[in-house]
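# Observations on the three-dimensional arrangement
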Amino acid sequence: MFIDIPSELEAALINFPLPEWELDGPFLTETTVERYRSELAVAPQFVETTATLRHALTGEGGGYAVLRLGNLAKALGIDNGRFLRLATAFATDVATPFSPFPRWPLWKDIGVKVDKDPGKSSGIGYNAFHMDLVNASRPPDFTTLLCVRRDPLGGGPSILSDAHAAVARLSEDCRALLAESAYHYGTFFDLFGVGEEYKPFPILGSSDPDGGFVRFTAKMLSRSDLSRAHADAARRLAEELVQGQVSFMLQPGDYLMVNQRRFLHGREPLHSGQNTVPAADRRLLLQLFLRARGLATTRP
Ligand SMILES: O=C(O)CCC(=O)C(=O)O
Ligand SMILES: [Fe+2]
């Protein structure tokens, strides 16, 4: 679901002064949220555009959207604080921005690290289907990725898949295994606003107080020690996710937002030869997490 900004709105936003945001612990303050929402509400077509955005993320059959902010990025400069404030304001209309990582700024860089585990965030390989903060008791409701630079060698399309649709294609036996508290992944420390460590967890959890998550990362298949039966069930889910995937290349200024209760995300490998690309020219995304203000807006 790609959403263009009407040209009337683009023209208005180029000259729109937004104040810098303020944080209260990990969260954007209520004052900032109110200011961003009320100031932008008067811009032509803003209310209609964000209604379309929210519907794409939480309406029937929805779960992700790409807001095309490329023209604004070009006009303002993508490194300009004013551009990032506009992107933050669009996000704020969906849910409240926050940073679970106390040592990182609100928007976290996801660059390219040639020496890192290639399958992990900022690695150069296949970033398999996952939800972010999968092992937190309260994962972010939305994860969002703003594209600053694409892979200059042409790799790294984003992949998205409807998690509930994939689960529905599995056998009952398989679903029963996925509902057992038999899965774990990763480490958990020094995180704000996402609850406690959840370990072990069920992939399909009716006991999950928030409901709705398909708590899955295909990265657990190679990095967590799982029983044979549970690993097989998880592998089948990973295969169904790939079966149902959509893929597209983010362009500079594209802002991908994912409802983590509906869709899982990942990324195809970057093109080979990243070693030959100067660090300053490599692919760069900025990541921001959002917390829903009311559960009613995010339940399927
Ligand atoms: O690089 C990408 O496009 C996705 C990165 C991602 O999903 C993550 O870091 O959690
Ligand atoms: Fe992710």
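Summary of the structure given here.

What counts, and at which threshold
Residues numbered from 1 in each chain as written. Chains lettered and ligands numbered in written order. Predicted model: local features only at pLDDT ≥ 70, side-chain atom pairs only at ≥ 80, totals over all residues. Buried ≥ 20, exposed ≤ 12 C-beta atoms within 10 Å, placed from the backbone. Helix = DSSP H or I, 4+ residues; strand = E, 2+ residues; numbered from the N terminus. Pairing = 2+ DSSP bridges. Axes fitted to C-alpha atoms, helices over the stretch in contact; angles between N-to-C directions. Near = placed C-beta within 6 Å. Nonpolar A, V, L, I, M, F, W, Y, C, P; charged D, E, K, R; others polar. Parallel < 35°, antiparallel > 145°, perpendicular 65-115°, else oblique. Contact = placed C-beta atoms within 7 Å.

## So, the pairing of strand β9 (residues 158-162)
Where a strand is regular, its side chains alternate between the two sheet faces. Here β9 lies mainly inside the structure; 4 of its 5 residues are buried. Taken together, the 3 bridges between β9 and strand β10 (residues 246-248) define a ladder with antiparallel strand orientation. Residue pairing for β10: Ile159 is matched across the bridge by Ser247. Judged from the 5 bridges that link them, β9 and strand β12 (residues 263-267) form a sheet pairing that is antiparallel. Residue pairing in the sheet places Ser161 in a bridge with Leu264 of β12.

## Focus: the sheet that holds β12
On the basis of which strands lie adjacent, the open sheet formed by 4 strands has the order β7-β12-β9-β10 and antiparallel pairing. Unpaired on one side and paired on the other, β7 (127-130) and β10 mark the two borders of the sheet. Neighbour to neighbour, the strand axes of the sheet diverge by 15 degrees on average, direction disregarded.

## Quick word on the site of ligand 1
Close to ligand 1 lie Ile110, Ser121, Asn127, Asp132, Leu145, Ser158, His265, Arg267 and Leu285, which account for all nearby residues. Among the residues making up the shell around ligand 1, the classes are represented as 3 nonpolar, 4 polar and 2 charged.

## Topic: the packing of helix α2 (residues 30-40) against helix α5 (residues 81-94)
Remark: α2 packs on α5, axes separated minimally by 9 Å, with the N-to-C direction vectors making an angle of 100 degrees. By the angle between their directions, the pair α2 and α5 is classed as roughly perpendicular. From α2, Val33, Tyr36, Arg37 and Leu40 reach across to α5, where they touch Ala89, Thr92 and Asp93. Considered class by class, the residues forming the contact of α2 with α5 number 4 nonpolar, 1 polar and 2 charged.

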